[in-house]
Amino acid sequence: MTDKFALVIHGGAGGIPSKQEWIENREKVLKQALDQGTAMLKRGESSLDVVETVVRILEDSPYFNAGKGAVFNAVEQHELDASIMDGRDRSGGAVGGVKTVRNPISLARRVMTETPHVLLATDGAEKFADQFKDDPKIQRVSNDYFSTDHQRERLHETQKQAKQKESDKMGTVGCVALDRHGNIAAATSTGGLNNKQYGRIGDSPIISAGTFADNETCGVSCTGIGEDYIRNAVAYDVSARMAYRGDSLKKAVQDILNGKKHQVRGGIIAIDKDGNIVTEFNTRGMSRAAADSSGRSEVHIGK
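This write-up is about the structure you can find in this document. Since the model is a prediction, treat every value here as computed from it, not as a measurement. Sequence positions are assigned chain by chain, starting from 1 and proceeding in written order. Reporting in this predicted model follows two pLDDT cut-offs: at least 70 for local features of residues, and 80 or more for side-chain atom pairs to be given and counted; totals over whole chains, interfaces and linings ignore these cut-offs and use all residues. Here the side-chain values reflect all heavy atoms present in the structure, with hydrogen atoms and water set aside.

Brief notes about the packing of helix 2 (residues 47-59) against helix 3 (residues 104-114)
Consideration 1: Note on definitions: angles span 0 to 180 degrees between N-to-C directions of axes, and those axes are lines fitted to C-alpha atoms, for helices only across the stretch in contact. The helix count covers DSSP runs of H or I at least four residues long, the strand count covers runs of E at least two residues long, and both are numbered beginning at the N terminus. Closest axis-to-axis distance for the helix 2/helix 3 pair is 8 Å, and the angle between their directions is 150°. For the element pair helix 2 / helix 3, the angle class is roughly antiparallel. Residue-level contacts link Leu-48, Asp-49, Glu-52, Val-55, Arg-56 and Glu-59 of helix 2 to Pro-104, Ile-105, Ser-106, Arg-109, Arg-110 and Met-112 of helix 3. Oblique is the label for every angle not falling under 35 degrees (roughly parallel), over 145 degrees (roughly antiparallel), or within 65 to 115 degrees (roughly perpendicular). Throughout, a contact is declared for two residues whenever any of their heavy atoms are within 4.5 Å.

Re the nonpolar core
Consideration 1: Counting 50 residues, the largest nonpolar core has Leu-7, Ile-9, Leu-58, Ile-84, Val-95 and Leu-107 as its most contacted members.
Consideration 2: In terms of residue count, the dominant contributor to this core is helix 1 (residues 20-42) (8 residues).
Consideration 3: Within this scheme, the nonpolar core is defined by two criteria: the residues are buried Ala, Val, Leu, Ile, Met, Phe, Trp, Tyr or Cys, and they are joined through side-chain atoms within 4.5 Å. Exposure categories follow from relative accessible area, calculated using a 1.4 Å probe and restricted to protein chains: below 20% of the type maximum is buried, above 50% is exposed, and the middle band is partly exposed. By size, the runner-up hydrophobic cluster in this structure holds 32 residues, among which are Cys-218, Tyr-229, Ile-256 and Met-286.

Comments concerning the sheet that holds strand 9 (residues 266-272)
Consideration 1: What the 4 strands build is an open sheet, ordered 7-8-9-10; its pairing is antiparallel. Whereas interior strands pair on both sides, the edge strands pair on one side only; in this sheet they are strand 7 (211-213) and strand 10 (277-281). Taken over all neighbouring pairs, the strand axes of this sheet differ in orientation by 10° on average, direction set aside.
Consideration 2: Contacts from helix 7 (residues 234-245) reach strand 7, strand 8 (218-224) and strand 9, with the element oriented near 145° to strand 8. Note on pairing: DSSP must find at least two bridges between two strands before they are called paired.

Topic: the sheet that holds strand 11 (residues 285-292)
Consideration 1: What the 8 strands build is an open sheet, ordered 4-3-2-6-5-1-11-12; its pairing is mixed. Looking along the sheet, the strands with just one partner apiece sit at the ends: strand 4 (119-121) and strand 12 (297-300). The sheet shows a mean angle of 5° between the axes of neighbouring strands, taken without regard to direction.
Consideration 2: As paired strands, strand 1 (residues 6-14) and strand 5 (residues 173-178) are joined by 5 bridges and run antiparallel to one another. Its bridge partner being in strand 5, Leu-7 is matched across the sheet by Ala-177.
Consideration 3: Across the face of the sheet, helix 4 (residues 122-129) comes into contact with strand 3 (91-98) and strand 4 while running at roughly 105° to strand 4.

Quick word on the side chain of Asn-215
Consideration 1: In this structure, Asn-215 sits in the loop between strand 7 and strand 8.
Consideration 2: Classification of Asn-215 as buried rests on a relative accessible area of 15%.
Consideration 3: Within polar-contact distance, the side chain of Asn-215 engages the side chain of Asn-183 at 2.8 Å.
Consideration 4: In this structure the side chain of Asn-215 is engaged in a polar contact, spanning 2.8 Å, whose partner is the backbone nitrogen of Ile-184.
Consideration 5: In contact with Asn-215, other than residues within four places in its own chain, are Gly-87, Arg-88, Gly-182, Asn-183, Ile-184 and Lys-273. Under this definition, polar contacts are N or O atom pairs within 3.5 Å; protein pairs additionally need one hydrogen-donor-capable and one acceptor-capable atom, and for neighbouring residues in sequence, both atoms have to be side-chain atoms.

See the structure below:
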């Protein structure tokens, strides 16, 4: 065990909240999540436990597009996606299109640890969740638990305009951690696109697109227009550029987000095996927080 650890969190790329109340509440929740994760890492707890715990905090907040504050799809329901990955052996778990699981990130972890699979979706994921009636981390809720007035207003505004703004195509939460044992883990969770087509699944539950972790290179969580991240296998591409080309983490992330040939709209958070933290985005803003063993501790909303 070493003294070195690092933690980075995002609350979604896109626009900057216009209301001061939203800015303050996002800052408060990100600070809570950052402090909780940092305390766990200081105690020597695993990066997997940390990223799950942090993402659960964000899923339980109505101020982020995951869990409680999830956007509505086109038929005014919520379909939630999440994934988690262990950098020790590249094992991963994910769920897509779940409707009654309060904390999808915890169900994704059960997919990783309790099945030979990586991704379970829709009714199959719901049926899998039925096995965990006695697991306090797999709570079941009605679909309207996730609803907020704010997201319903956004849905109706988008449907009225019959056109989706680019900021409506974004919104995710994620976390990457390097623990004192040298292990990296990453996790991502989302409600998806505002007014998305029923059944649409984005990059967040796709290992190598929205989430990736490998102890030899880095851990990554993405946020933005999911289709861009899927087409370009963005999370894995960060690791591959480091492994095959010798790029630094910062160069790999910046080159992907600034690339002209293959557009990737959104943001990326990542930590490399040496504990270097990167938070980059090409949108108006990205809610984010970071801390490490050197004493760094910061929260940013917007630019």
